[in-house]
Amino acid sequence: MTESLIRDENALEGTDTWLPDRPAPVTAATRAIPVEGYCSATSVRAGDDLTLFVSTDPPADWSIEIFRTGYYGGHGARLVSRHGPHHGSAQPTPEIGPYRIRACDWEASLSIPIPSDWLSGVYLGKLTEHLNGYQSYVIFVVTDDRDCDLIVQASDMTWQAYNRWPDLYSIYDDGYDNGMYWGPGVGVSFQRPYGRYRQLVDSALSTGSGEWFLWEFPFAFWAEQAGYDITYISTLDLHGNPETLQRSKGFVSVGHDEYYTPEMFRHLDDAVNQGLNVAFLSGNAVYGQMTTIPHPPRSVIRTDCYAAPEPDMFTIIPTLAYLPYIAPDAKDLLGSRSTYPCMGGGDWTCVDPDHWVFAGTGMRRGDSVTGLVGWETHGLVSDTRAIDVIAAGTVSSKYGTGPYAATVYSTDRGNIVFNAATIHWSEALAEPPGYLKPHAYQPRKGPDARVQGITRNVLDRFVASPRLRDHAL
């Protein structure tokens, strides 16, 4: 298998019809009642069946169009199948379960066999109810086991953590509209629709699709245009199937990749120590710890933080003090991790222009990419590894100021861990159709040739490496 798989896929006819014609109106709590749904799994393989659970209120016929997202000549997606119409009805809102979890037990609406020619990717289902033409999305990953250069993780553990569906029941809610809660013992279930995203930007594209279009899609759009040999996984694949990393030369985290189970952390940390290249094109990554629970099924609860206690953070969110703080420190995996105030905005400023990541970009010491740092960042540098700080400065927020530090380190196996230290990185790579740039903290200018060059330097170095399973041979 070669990069021609991605090039050949993106040479197929793309379409703009994945964009909503008439987004379903949402409640104050972000729920799209006229038509909403969820999938039986976060990821599936060719040959698997994917079950959809759909509710229409009031009852109405509905149909679904399924698209693979990518570049496709700039259209952003390719239509791969249509299903329906099917008759729909209002499915029940679940009761409050343990750890304030709202887990649906809806009747199955449609089972879709995944064809063998569906290439790994992030797939979007556009639901349309036929009474008023309202639309929303479902989203899932098609994964595989083939040898590849790069594995891109969809950060769906974090999407679910921020999902408020049906009303005030994200990991940050206490069941009442009392502001933000950040502490232990609160859970969420994957067995429910994604409500519209709750912070920074009001985008119809996020209704049913988690955070894919907010932070991660610009990277996939850019990387598939470039023809990188990539496959995709869900966070639950990293959690339950560490062997999947063995087939790759590099792992890529994009955007807002905040929540990891202990298994996810251990699997990725072990792979780095064995020789896997990793790029954290993300901010606030690997910050909160989730633990799986069997009941309700497909549920997780917040149990800890991959960061040492910081008294300044307790002044922002006092309930942080109730966490046990026995998890490993994320900075030793990432190179640098979130520190007070965790969020804010700033310019991404070069401090080591002779480093190989800047080759061919023309960046000099003190040159900056305006507003690229934010909305959440990494700033506390590991003292247990030999770290190259390549960009550094200050972020500002309503809580005060703090540092950020973009880093690179290598292990004794010769592999590289690159840490961009910002959620906003991918929006400097591409601006796909429908992309709505959040305007928090500082204005940003969109795609930037210097950021594209840095990213190419990092990924090309990964591609020139052996796969993880071949690293010691």
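The structure under discussion appears in the preceding block.
Cut-off values and rules
- Residues numbered from 1 in each chain as written.
- Predicted model: local features only at pLDDT ≥ 70, side-chain atom pairs only at ≥ 80, totals over all residues.
- Heavy atoms only, no water.
- Core = buried A, V, L, I, M, F, W, Y, C linked by side-chain atoms within 4.5 Å.
- Buried < 20%, exposed > 50% of the residue type's maximum accessible area, 1.4 Å probe, protein only.
- Helix = DSSP H or I, 4+ residues; strand = E, 2+ residues; numbered from the N terminus.
- Contact = heavy atoms within 4.5 Å.
- 1 Å grid on protein atoms, 1.4 Å probe; cavity = no way out; pocket = protein on both sides within 12 Å on 5 of 7 lines; lining within 4 Å.
- Points joined across faces, edges and corners; volume = space filled by probe spheres on them.
- Nonpolar A, V, L, I, M, F, W, Y, C, P; charged D, E, K, R; others polar.
- Pairing = 2+ DSSP bridges.
- Expected span 1.5 Å × (residues − 1).
- Polar contact = N/O pair within 3.5 Å; in protein donor to acceptor, adjacent residues only side chain to side chain.
- Disulfide = S-S within 2.5 Å.

**What about the nonpolar core?**
Core analysis: the largest hydrophobic core is formed by 116 residues, its most contacted members being F219, F251, F280, W348, F418 and W425. The element best represented in this core is helix α3 (residues 212–226), accounting for 10 residues. Ignoring any residue separated from it by four or fewer positions in sequence, one finds F418 in contact with V278, A279, F280, L281, V357, I390, T407, V408, W425, I454 and V458. Among the nonpolar cores identified, the runner-up in size contains 22 residues, and C39, V44, L127 and V142 belong to it.

**What about the side chain of H239?**
Following the sequence through the fold, H239 ends up in helix α4 (residues 235–240). Residue H239 is classed as buried on the basis of its relative accessible area of 17%. Here H239 is in contact with T261, E263, M264, H267 and T292, once residues within four sequence places are set aside.

**Quick word on empty space enclosed by the protein**
By the definition in use, this model includes six cavities of 30 Å³ or more. The computed volume of the largest cavity comes to approximately 160 Å³. Together, 18 residues line the largest cavity, and C39, A41, T42, I139 and Y194 are the ones closest to its centre. The element best represented in the lining of the largest cavity is strand β8 (residues 135–143), accounting for four residues. Here the residues of the lining of the largest cavity are counted per class, giving 11 nonpolar, four polar and three charged. Counted as a void, the second largest cavity has a volume near 50 Å³. Lining the second largest cavity, in full, are W159, Y162, N163, Y194, G195, R196, Y197, R198, G210 and E211. Grouping the constituent residues of the lining of the second largest cavity by class yields four nonpolar, three polar and three charged.

**Considering the sheet that holds strand β10 (residues 187–189)**
Paired through backbone hydrogen bonds, the strands of a sheet run either parallel or antiparallel to each other. Ordered by their spatial adjacency, four strands build an open sheet running β10-β16-β15-β13, and the pairing between neighbours is mixed. Edge positions in the sheet fall to β10 and β13 (259–260), since each has one partner strand and no second. Where β10 and strand β16 (residues 299–305) come together, three bridges link them in antiparallel fashion. Looking across to β16, one finds that V188 is bridged to V300.

**Structural notes on the environment of H83**
For H83, the position within the fold is in strand β5 (residues 77–88). For H83, the contacting residues outside a window of four places in its chain are S63, I64, I66, L110 and I112.

**What about helix α8 (residues 449–463)?**
A rise of 1.5 Å per residue sets the reference length of α8, with its 15 residues, at 21 Å; its end C-alpha atoms lie 20 Å apart and thus fit the reference within 8%. Within α8 the residues assigned to the buried category are V451, Q452, G453, I454, T455, V458, L459 and F462. Measuring from the side-chain oxygen of the N-cap residue of α8 to the backbone nitrogen of R450 gives 2.8 Å; that N-cap residue is D448.

**A short note on the state of the cysteines**
On inspection of all chains with the given rule, the structure shows zero disulfides. Here C39 is not disulfide-linked; the sulfur of C104 is the nearest cysteine sulfur, at 13 Å. Judged by relative accessible area, which is 1%, C104 ranks as buried.

**Structural notes on α3**
Along its 15 residues, α3 runs 20 Å from first to last C-alpha, staying within 8% of the 21 Å computed at 1.5 Å per residue. When you tally the buried positions in α3, you get 13 out of 15 residues, the bulk of the element. Of the residues one or two after α3, G227 is the one with positive phi, at around 85°.

**Comments concerning the pairing of strand β15 (residues 288–293)**
The pairing of β13 with β15 spans two bridges and is classified as parallel. Bridge pairing links Y259 to G288 in β15. Where β15 lies against β16, six bridges are found, and the strand directions are antiparallel. By the bridge assignment, M290 is partnered in β16 with R302. Counting the residues that bridge the hairpin from β15 to β16 gives five residues, and of these R298 lies at a positive phi of roughly 55°.

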